[in-house]
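# Architecture and fold: a report
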Amino acid sequence: MKTWRMQRNCALTPKQLFQFYAVLVFFSLLVGIGFLIVGIWMIIIFTCIELCALTLGFLIYARHALDFEEIQIDGTVLKITKFIGSKTKEYKFNSRWTQILLSRDKPKIFVLSSEKENIELGQFVRQDQLPQLISEIKACLG
């Protein structure tokens, strides 16, 4: 069985992101409460606005940090798995009837086409690695 897994290039895992976020919230609230104790109450309002915006951004980041595309070829079975956001989609094709098409509109994307289905892949692959990946997949197709 041959497998290719393409993932986002994320600097932090969701666990590391949560730890960083917890420290950031602690220090922001510490500063905001410090100003509140002194009598400058407006700072805590801006601290809450900042933390809401930060939370939203981190939730979006964490939701897509684990995104991936995976291609598996086992004999004549070609299995494609796409995990985007929190949704997993799986496709199974006959590897002998599948072909690779290059997209003219999107140079970073390639398409695996079989029967009536076209699956766009390659959004997590660097541009310079794409030709090598395509040639490896073509060599394994029937």
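Given the structure is predicted, the values throughout are model-derived calculations rather than measurements. (Residues numbered from 1 in each chain as written. Predicted model: local features only at pLDDT ≥ 70, side-chain atom pairs only at ≥ 80, totals over all residues. Heavy atoms only, no water.)

## Considering helix α1 (residues 14-38)
Side chains three or four residues apart in an α-helix point the same way, a direct result of the helix having 3.6 residues per turn. In this model α1 runs 36 Å from its N-terminal to its C-terminal C-alpha over 25 residues, within 8% of the 36 Å that 1.5 Å per residue would give. Considered for burial, the residues of α1 that qualify are Leu17, Val25, Ser28 and Gly32. Residues of α1 that are buried make contact with α2 (42-64). Immediately beyond the C-terminal end of α1, within one or two residues, lies Gly39, with a positive phi of roughly 115°. (Helix = DSSP H or I, 4+ residues; strand = E, 2+ residues; numbered from the N terminus. Expected span 1.5 Å × (residues − 1). Buried < 20%, exposed > 50% of the residue type's maximum accessible area, 1.4 Å probe, protein only. Contact = heavy atoms within 4.5 Å.)

## Considering the pattern of salt bridges
A complete count under the given rule lists six salt bridges for this structure. Of the charged contacts, one joins Asp67 and Arg8 as a salt bridge, the two residues approaching to 3.2 Å between their closest N and O atoms. Pair noted here: Asp67 is in the loop between α2 and β2 (68-74) and Arg8 is in the loop between β1 (2-7) and α1, with a separation of 59 residues, a long-range link. Here Asp128 makes a salt bridge to Arg126, at a shortest N to O gap of 2.9 Å. Judged by its relative accessible area of 55%, Asp128 falls in the exposed class. (Salt bridge = Lys/Arg side-chain N within 4 Å of Asp/Glu carboxyl O.)

## Observations regarding the packing of α1 against α2
Between α1 and α2, the shortest axis-to-axis distance is 9 Å and the interhelical angle comes to 175°. Between α1 and α2, the crossing angle belongs to the class labelled roughly antiparallel. Along its contact with α1, which presents Pro14, Leu17, Phe20, Tyr21, Leu24, Val25, Ser28, Leu29, Gly32, Ile33, Phe35 and Leu36, the element α2 presents Ile43, Ile44, Thr47, Glu50, Leu51, Leu54, Thr55, Phe58, Tyr61 and Ala62. Class assignment for the residues of the contact of α1 with α2 results in 17 nonpolar, four polar and one charged. (Axes fitted to C-alpha atoms, helices over the stretch in contact; angles between N-to-C directions. Parallel < 35°, antiparallel > 145°, perpendicular 65-115°, else oblique. Nonpolar A, V, L, I, M, F, W, Y, C, P; charged D, E, K, R; others polar.)

## What about the pairing of strand β3 (residues 77-84)?
Here β2 runs beside β3; their pairing, made up of seven bridges, is antiparallel. When the sheet's bridge partners are listed, Gln72 is paired in β3 with Lys79. Counting the residues in the hairpin turn of β2 and β3 gives two residues, including Gly75, whose phi is positive at 70°. Of the strand pairs in this sheet, β3 and strand β4 (residues 87-94) are connected by eight bridges, and their pairing is antiparallel. Within β4, the residue paired with Lys82 across the bridge is Lys89. The hairpin formed by β3 and β4 contains two residues between the paired strands, and Gly85 there has a positive phi angle of roughly 70°. (Pairing = 2+ DSSP bridges.)

## Here's the deal with the packing of aromatic side chains
As enumerated under the stated definition, the model contains four aromatic pairs in all. An aromatic cluster is built from Phe20, Tyr21 and Phe58, whose rings are joined through pairwise contacts. The ring of Phe68 has Arg5 sitting right over it, with the charged end atom 3.7 Å from the ring centre. (Phe/Tyr/Trp six-rings, centres within 6.5 Å; stacked < 30°, edge-to-face > 60°. Lys NZ or Arg CZ within 6 Å of the ring centre and 35° of its normal.)

## Details of helix α3 (residues 130-140)
What α3 keeps buried is the set Leu130, Leu133, Ile134 and Ile137. Around the axis of α3, the buried residues are gathered within 95° of arc, so they sit on the same side. For α3, exposure combined with an orientation more than 90 degrees from the buried face picks out Pro131 and Ala139. (Arc of directions from axis to C-beta.)

## Observations regarding the UniProt feature "transmembrane region" (unreviewed entry) in the protein chain
Cross-referencing UniProt, the feature "transmembrane region" (unreviewed entry) maps to residues 20-37 and 43-62 in the present numbering. Secondary structure across residues 20-37 divides into 100% helix and 0% strand, with the first and last C-alpha atoms of the span separated by 26 Å. Between the end C-alpha atoms of residues 43-62 the distance is 28 Å, and the span holds 100% helix and 0% strand. (UniProt positions renumbered as here; feature names shortened; annotations may be inferred.)

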